[in-house]
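Given next are the chains, with one letter for each unit.
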Amino acid sequence: MTVLLENGSALIAAYQMHDFHGGSGSWVVMMGFMVLGVVAILAVVLAVLRHPGRGKAGESDEPLIIAQRRLASGEISVDEYQRLRNALERSDVGSDS
């Protein structure tokens, strides 16, 4: 219960009692949660940037793309490319199960 005093000290006592100025540490807790939020967001962004395209489709298509590039650059013949492609298609069928 607050009693009104002549010089306004009751108002100051009520202000301090109800802790309207943020408390003696609540700002530390709030800042801690903000820092944790920023760290969590950065962790997710870094995880995505470090491991882009970790899907099964990207992994299974990569050898075929390499073979196509080798054919285009003249490293392998068309017959060699077809042999590689057939072998890759057979290995993909076995790896799906």
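Remember, it's a predicted structure, so these values are computed and weren't measured experimentally. (Residues numbered from 1 in each chain as written. Predicted model: local features only at pLDDT ≥ 70, side-chain atom pairs only at ≥ 80, totals over all residues. Heavy atoms only, no water.)

Participant: When you look at the overall build of the protein chain in this model, what are you seeing that I'm missing?
Facilitator: Regarding its fold elements, the protein chain presents 4 helices and 0 strands. Listing each helix as α and each strand as β along the protein chain from the N terminus yields α-α-α-α. Each of the 97 residues in the protein chain was classed as buried or not, and the buried ones make up 6%. (Helix = DSSP H or I, 4+ residues; strand = E, 2+ residues; numbered from the N terminus. Buried < 20%, exposed > 50% of the residue type's maximum accessible area, 1.4 Å probe, protein only.)

Participant: Teacher, can you tell me more about the pattern of salt bridges here?
Facilitator: Charged atoms that come close allow side chains of opposite charge to pair. Throughout the structure, instances matching the rule amount to 3 salt bridges. Between Arg70 and Glu75 there is a salt bridge, with its nearest N and O atoms 3.3 Å apart. Overall, the relative accessible area of 33% leaves Arg70 in the partly exposed class. Across the salt bridge formed by Glu80 and Arg83, the nearest N and O atoms sit 2.5 Å from each other. Note that Glu80 and Arg83 are positioned in helix α4 (residues 78-95) at a spacing of 3 residues, about one turn of the helix. Taking the relative accessible area as the measure of exposure, Glu80 reaches 27% and is therefore partly exposed. (Salt bridge = Lys/Arg side-chain N within 4 Å of Asp/Glu carboxyl O.)

Participant: Would you mind going over a nonpolar patch on the surface with me for this structure?
Facilitator: Residues Trp27, Val28, Met31, Met34, Val35 and Val39 make up a contiguous nonpolar surface patch of roughly 620 Å² in combined accessible area. In this structure, Met34 sits in helix α2 (residues 26-50). (Patch = residues over 30% accessible without salt bridge, like charges linked within 9 Å, V, L, I, M, F, W, Y side chains within 5 Å. Areas by Shrake-Rupley, 256 points an atom, 1.4 Å probe, with all protein chains shown as cover.)

Participant: Looking at this structure, I do not really get the confidence of the model for the protein chain. What am I missing?
Facilitator: Detailed reading of the predicted coordinates is not advisable wherever pLDDT is low. Summary statistics for the protein chain give a mean pLDDT of 75 and a share of 60% for residues scoring 70 or more. Ranking the elements of the protein chain by mean pLDDT puts helix α1 (residues 9-17) last, at 55, and α2 first, at 91. (pLDDT = per-residue confidence, 0-100.)

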